[in-house]
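In case you want the letters, here they are:
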Amino acid sequence: DRPIFSTIRHPFDRYVSQYFFGWWRTRSEYYCDVEKVRKKYPHFPDLTFEEFLQVSANEFGRLFNPLLPERDGLGWYSREVVRMFFLDPWHAFYDIDDDYIDGQRWERDMLDIQFLRTSNLNRELYDFLHEVGYPPNEIQFILEKETERPSEQVKDRGGRTVDDMFTPETKAFIRHRDRLLFEMFP
């Protein structure tokens, strides 16, 4: 009976962050069948970014639609959004194909959640809190707050940015595999 909100991050940003944060390296058994991945990538978990994108799309998580060919399966981030924010993710997942996405049928299958974009989080959080009844003078500090990233969470990227991590091919790969998210959050 209360409003729910969560954050959503641009898929390109999230994949770069996940790659460098690296829990998938140190806790691989929670992400995939390690032996299965090592058959294709014997050097796992020492993957290039492109290899990481392939492995995360095809192996990370436990929610896959066997009705779709692997090349058309949903990406890791899309599967996580389904798992976290759909009313019945296990059943809805088998319905998700291009017709489902084009018809915006996710709207009927999702919880009633307002998503705040991390790229504009302060403004959107302020607006959300104001909309649910917080007085502006109690939440004004949110608009004045600088972006914070806990230092222990920040991994050295060697000067690499999201723009230089992706090639046109890897961008196209993520746009296709996470097409659900790109449609849900244009």
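Criteria and cut-off values
Residues numbered from 1 in each chain as written. Predicted model: local features only at pLDDT ≥ 70, side-chain atom pairs only at ≥ 80, totals over all residues. Heavy atoms only, no water. Helix = DSSP H or I, 4+ residues; strand = E, 2+ residues; numbered from the N terminus. Buried < 20%, exposed > 50% of the residue type's maximum accessible area, 1.4 Å probe, protein only. Lys, Arg positive; Asp, Glu negative; His and termini not counted. Salt bridge = Lys/Arg side-chain N within 4 Å of Asp/Glu carboxyl O. Polar contact = N/O pair within 3.5 Å; in protein donor to acceptor, adjacent residues only side chain to side chain. Contact = heavy atoms within 4.5 Å. Phe/Tyr/Trp six-rings, centres within 6.5 Å; stacked < 30°, edge-to-face > 60°.

1. So, the side chain of Glu-124
Tracing the backbone through its elements, the reader meets Glu-124 in helix α9 (residues 121-131). Buried charged residue Glu-124 carries no salt bridge. Nearest counter-charge: Arg-117, at 4.7 Å. A distance of 2.7 Å separates a polar side-chain atom of Glu-124 from the backbone nitrogen of Arg-117. Sequence-distant contacts of Glu-124, defined by excluding residues within four places in its chain, comprise Phe-115, Leu-116 and Arg-117.

2. Some thoughts on the packing of aromatic side chains
The final tally for this structure, using the stated rule, is 21 aromatic pairs. For the pair Phe-12 and Phe-166, a centre-to-centre distance of 4.6 Å together with 40° between the ring planes defines the contact as tilted. Placement of Phe-12 in helix α1 (residues 11-21) and of Phe-166 in the loop between α11 (162-165) and α12 (168-177) is noted, with a sequence separation of 154 residues between them. Overall, the relative accessible area of 6% leaves Phe-12 in the buried class. With 6.0 Å between their ring centres and 25° between their planes, Tyr-19 and Trp-24 make a pair best called stacked. The same class applies to Tyr-19 and to Trp-24, which are both buried.

3. With respect to the pattern of salt bridges
Counted by the stated rule, this structure contains nine salt bridges. Between Arg-108 and Asp-95 there is a salt bridge whose closest N-O contact spans 3.9 Å. Within this pair, whereas Arg-108 is found in helix α8 (residues 106-109), its partner Asp-95 is found in the loop between α6 (89-92) and α7 (98-102), the two being separated by 13 residues in sequence. In this structure Asp-95 comes out as partly exposed when scored by relative accessible area, which is 36%. Two residues, Asp-164 and Arg-160, come together in a salt bridge whose shortest N-O distance is 3.5 Å. Note on Arg-160: relative accessible area 39%, which makes it partly exposed. Taken together, the shared-partner salt bridges connect Asp-95, Arg-108 and Asp-109 into one network.

Taken by themselves, the reported measurements are silent on function.
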